[in-house]
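# An overview of the molecular structure
What follows is each chain in one-letter form.
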Amino acid sequence: MMMNRSSAVFRRVRSATAHTRLYSSRRGLRMGHLAPEKFHGVLRKPTAGTVLRDFHPATAVGSRMSVPNFFSSEVEYVTVVMPALSPTMESGTIAEWSKQPGEEIAAGDVLCQVETDKATMAFEMQDDAVLAKQLVPAGDESINIGTAVAITVDDMAAYEAFLAADAAGEISIDANDGPAAGGAVDEVETTTGTVSSEAAMIASTRTVADEFLLTPAARHMSESKGLDVRGLAGTGKGGRITKGDVIHAINEGVTLPLLASSSAPSVAAVTSPAPSVSSTPAATSAPAPPAATMMDLPPAECTSGAGYSDSPASGMRKVIASRLTQSKAEAPHAYVSIEARLDPIMKLRKTLKEGDVNVSVNDLIIRCAGLALRDVPEANASWDAKTQSVVTNPNVDISVAVATPTGLMTPIVTGVDGKGLGEINGAVRDLATRARDGKLMPEEYQGGSFTISNLGMFGVSEFSAIINMPQACIMAVGGGERRLVQKKDEEGLSIETVMTARLSCDSRVVDSAVAAQFLQAFQGYMEQPKLTVL
């Protein structure tokens, strides 16, 4: 992936000495008033009255702005920021630095390996440069797009000048380069106290009840940060405070009071049965037993000696959790199952193997699903959230779930209905290998019109899968089981291998009738596999 031109930001470090002012006045150059932000980004140009000698707008094209170096006290360098290596990427993790400070980089060389939401990808440089400084260590998670990650210079002479300027404290990264990962949210100035008068005035304009003032996400963030956010002006309906309001307040440096810790609730008094009536005066005046209160118990100690460790979730795992949670919350899932005999498939595999054609059961399942989608195009559709409409996909592109060390990926086998079994086998092998090695390109795992998840090889008989939005269907395939079944078109029973396929479908796009039609077509191809080779 080539580095975008907007991934590099130009900076200048100057010493406004008397010699500099004299030199600029003799040359007719107005430079003393220039601020570094005048050169922030490759698309910005000096404003009127700040034109440098020999500077032309055309020289600003590229990842580095070409500006004459008039004085030895000036250092030109480029700030490299975290790029968007995929359309869905919001943040990334630098898995490994391929270059170290002081090393020369040629155009096309890999600067670092970036772990995105789907794969680990190479971040290639577009221009020749020398790496001057790494701003983010390898392994630092959740680096937002646009955050400065490195500084480069033109050559070794500029690198030496940069080191001297950096040691003198003349190098600083502007806030426009993007916030540091997690810095704005984690470092919060807090004070104890009550809601201010301004917050009270805000509260008087709300129409939402106090118990519903915070959205669930805002309440979770408030409790996890230990901050009382009830004094914020909510942007939700009726003045309700959302998670976005809390994040905005924290990033803006709003001082928030600490959340008061709630005291342990007392337990109701434990009453005993009333004593029998006695004529003794002492019995009638006996004091009631004191109320029992909840006591803090000491933490339980592990005596088994078994150790444990907490493993932090990777960036990919966090994205997978977020996407699946969104799918389960937004897409109304419906489930339809069907059973298919596998013995005809196994016989076809044996016949093909005798002809030196090796295909797996999964390849045949993909082929049968592709043909069924061709026959029932209503199932080969997706949901467009922007237009709130159903979009029928013109191509049968099936995403195949592949387990990788970092999480589940879904590389795409394109045009399945037009591919033979040999082509499908080769495509699946290649995609699965590169998915496990983290070498897939974004277009190879983003998109698709239908997903198949097969856990039969792990001994799973049947399961339900979560829809891979914006797709409308995902088929969960279980393993074969030997069962006593009724013979088709014949009387009597026989023992055959039967597989269960369960379709999870988005009811906004595919209703149960369409799901049943698709599964019926899929079953037909599975039990008459000769149709798949025609």
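Please read all numbers here as calculations on a predicted model, not as lab measurements.

## Overview of the pattern of salt bridges
The final tally for this structure, using the stated rule, is 13 salt bridges. Between Arg 434 and Asp 430 there is a salt bridge whose closest N-O contact spans 2.9 Å. Of this pair, Arg 434 and Asp 430 are both found in helix α11 (residues 421–436), 4 residues apart, which corresponds to roughly one turn of the helix. Among the salt bridges present, the one from Glu 462 reaches Arg 502, with a minimum N-O distance of 2.4 Å. Note that Glu 462 is positioned in the loop between β19 (450–454) and β20 (473–477) and Arg 502 in strand β22 (residues 493–506), a separation of 40 residues in sequence. Residue Glu 462 is classed as partly exposed on the basis of its relative accessible area, which comes to 39%.

## A short note on the packing of helix α10 (residues 361–375) against helix α12 (residues 512–527)
Put simply, α10 and α12 touch, their axes get as near as 8 Å, and they point 135 degrees apart. Comparing their axes, α12 and α10 come out oblique. The handedness of the crossing between α10 and α12 comes out as right-handed. Across the interface between the two elements, Ile 365, Cys 368, Ala 369, Leu 371, Ala 372, Leu 373, Arg 374 and Asp 375 of α10 pack against Phe 518, Ala 521, Phe 522, Tyr 525 and Met 526 of α12. Looking at the contact of α10 with α12, its residues break down into 11 nonpolar, no polar and 2 charged.

## Some details on the packing of aromatic side chains
Under the definition given, this model contains 3 aromatic pairs. On the basis of an interplanar angle of 50 degrees and a centroid distance of 5.2 Å, the ring pair of Phe 450 and Phe 518 is categorised as tilted. Placement of the pair is Phe 450 in strand β19 and Phe 518 in helix α12, with a sequence separation of 68 residues. Taking the relative accessible area as the measure of exposure, Phe 450 reaches 0% and is therefore buried. An angle of 15 degrees between the planes, with centres 6.4 Å apart, marks the rings of Phe 518 and Phe 522 as stacked. Residue Phe 518 and its partner Phe 522 are located together in helix α12, separated by 4 residues, close to a single helical turn. Note on Phe 522: relative accessible area 0%, which makes it buried. The rings of Phe 450, Phe 518 and Phe 522 are connected pair by pair, giving a single aromatic cluster.

## Remarks on the state of the cysteines
Taken as a whole and judged by the stated rule, the model has 0 disulfides. Free of any disulfide, Cys 505 has its nearest neighbouring cysteine sulfur in Cys 473, separated by 5.4 Å. The class for Cys 505 is buried, based on a relative accessible area of 0%.

## Topic: the sheet that holds strand β3 (residues 91–97)
Within a sheet, each strand pairs with its neighbour through backbone hydrogen bonds, oriented either parallel or antiparallel. With respect to topology, 4 strands assemble into an open sheet ordered β6-β5-β3-β8, the strand pairing being antiparallel. Strands at the two margins of the open sheet, each flanked by one partner only, are β6 (120–124) and β8 (143–144). Here β3 pairs with strand β5 (residues 110–115) via 4 bridges, running antiparallel. Within β5, the residue paired with Thr 93 across the bridge is Glu 115.

## Observations regarding the environment of Gly 238
Locating Gly 238 in the fold gives a position in the loop between α5 (216–225) and α6 (243–251). Judged by relative accessible area, which is 24%, Gly 238 ranks as partly exposed. Expressed as a C-alpha distance, the spacing of Gly 238 and Thr 207, which sit 31 residues apart in the sequence, is 4.9 Å. In contact with Gly 238, other than residues within four places in its own chain, are Arg 206, Thr 207 and Val 208.

## Section: the environment of Gly 420
Relative to the helices and strands, Gly 420 is located in the loop between β18 (412–413) and α11. Taking the relative accessible area as the measure of exposure, Gly 420 reaches 27% and is therefore partly exposed.

## Examining the nonpolar core
Within the largest apolar cluster, 78 residues are counted, with the highest numbers of intra-cluster contacts made by Ile 398, Met 475, Phe 518 and Phe 522. Two domains each provide a minimum of three residues to this core, namely domain 1 (77–168) and domain 3 (331–527). Beyond its immediate chain neighbours, meaning those up to four positions away, Phe 522 contacts Ile 365, Cys 368, Ala 369, Ala 372, Met 475, Met 499 and Ala 501. Ala 218, Met 221, Leu 227 and Leu 256 belong to the second-largest nonpolar core, a separate cluster that totals 13 residues.

## A word on the pairing of strand β9 (residues 148–153)
Counting buried residues in β9 gives 6 out of 6 residues, a clear majority hidden from the surface. Taken together, the 4 bridges between strand β2 (residues 75–81) and β9 define a ladder with antiparallel strand orientation. Counterpart to Val 80 in the pairing with β9 is Ala 150. Taken together, the 4 bridges between strand β7 (residues 129–134) and β9 define a ladder with antiparallel strand orientation.

## Considerations on a nonpolar patch on the surface
On the surface, a nonpolar cluster with roughly 320 Å² of combined accessible area is contributed by Leu 484, Leu 493 and Ile 495. In this structure, Leu 484 sits in strand β21 (residues 481–486).

## Observations regarding the UniProt feature "domain: Peripheral subunit-binding (PSBD)" (unreviewed entry) in the chain
Summarizing the sequence annotation, UniProt attributes the feature "domain: Peripheral subunit-binding (PSBD)" (unreviewed entry) to residues 213–250 in the numbering used throughout. Helix makes up 47% of residues 213–250 and strand 0%, whereas the separation of the span's terminal C-alpha atoms amounts to 18 Å.

## So, the side chain of Thr 532
Note on placement: Thr 532 falls in the segment after α12. Using a relative accessible area of 2% as the deciding quantity, one classes Thr 532 as buried. Once residues within four sequence positions are removed from consideration, Thr 532 is found in contact with Leu 348, Leu 364, Arg 367, Cys 368, Leu 371, Leu 421 and Tyr 525.

Calculation criteria
- Residues numbered from 1 in each chain as written.
- Predicted model: local features only at pLDDT ≥ 70, side-chain atom pairs only at ≥ 80, totals over all residues.
- Heavy atoms only, no water.
- Salt bridge = Lys/Arg side-chain N within 4 Å of Asp/Glu carboxyl O.
- Helix = DSSP H or I, 4+ residues; strand = E, 2+ residues; numbered from the N terminus.
- Buried < 20%, exposed > 50% of the residue type's maximum accessible area, 1.4 Å probe, protein only.
- Axes fitted to C-alpha atoms, helices over the stretch in contact; angles between N-to-C directions.
- Parallel < 35°, antiparallel > 145°, perpendicular 65-115°, else oblique.
- Left-handed = near helix turned anticlockwise from the far one by under 90°.
- Contact = heavy atoms within 4.5 Å.
- Nonpolar A, V, L, I, M, F, W, Y, C, P; charged D, E, K, R; others polar.
- Phe/Tyr/Trp six-rings, centres within 6.5 Å; stacked < 30°, edge-to-face > 60°.
- Disulfide = S-S within 2.5 Å.
- Pairing = 2+ DSSP bridges.
- Core = buried A, V, L, I, M, F, W, Y, C linked by side-chain atoms within 4.5 Å.
- Domains from an automatic or database assignment.
- Patch = residues over 30% accessible without salt bridge, like charges linked within 9 Å, V, L, I, M, F, W, Y side chains within 5 Å.
- Areas by Shrake-Rupley, 256 points an atom, 1.4 Å probe, with all protein chains shown as cover.
- UniProt positions renumbered as here; feature names shortened; annotations may be inferred.

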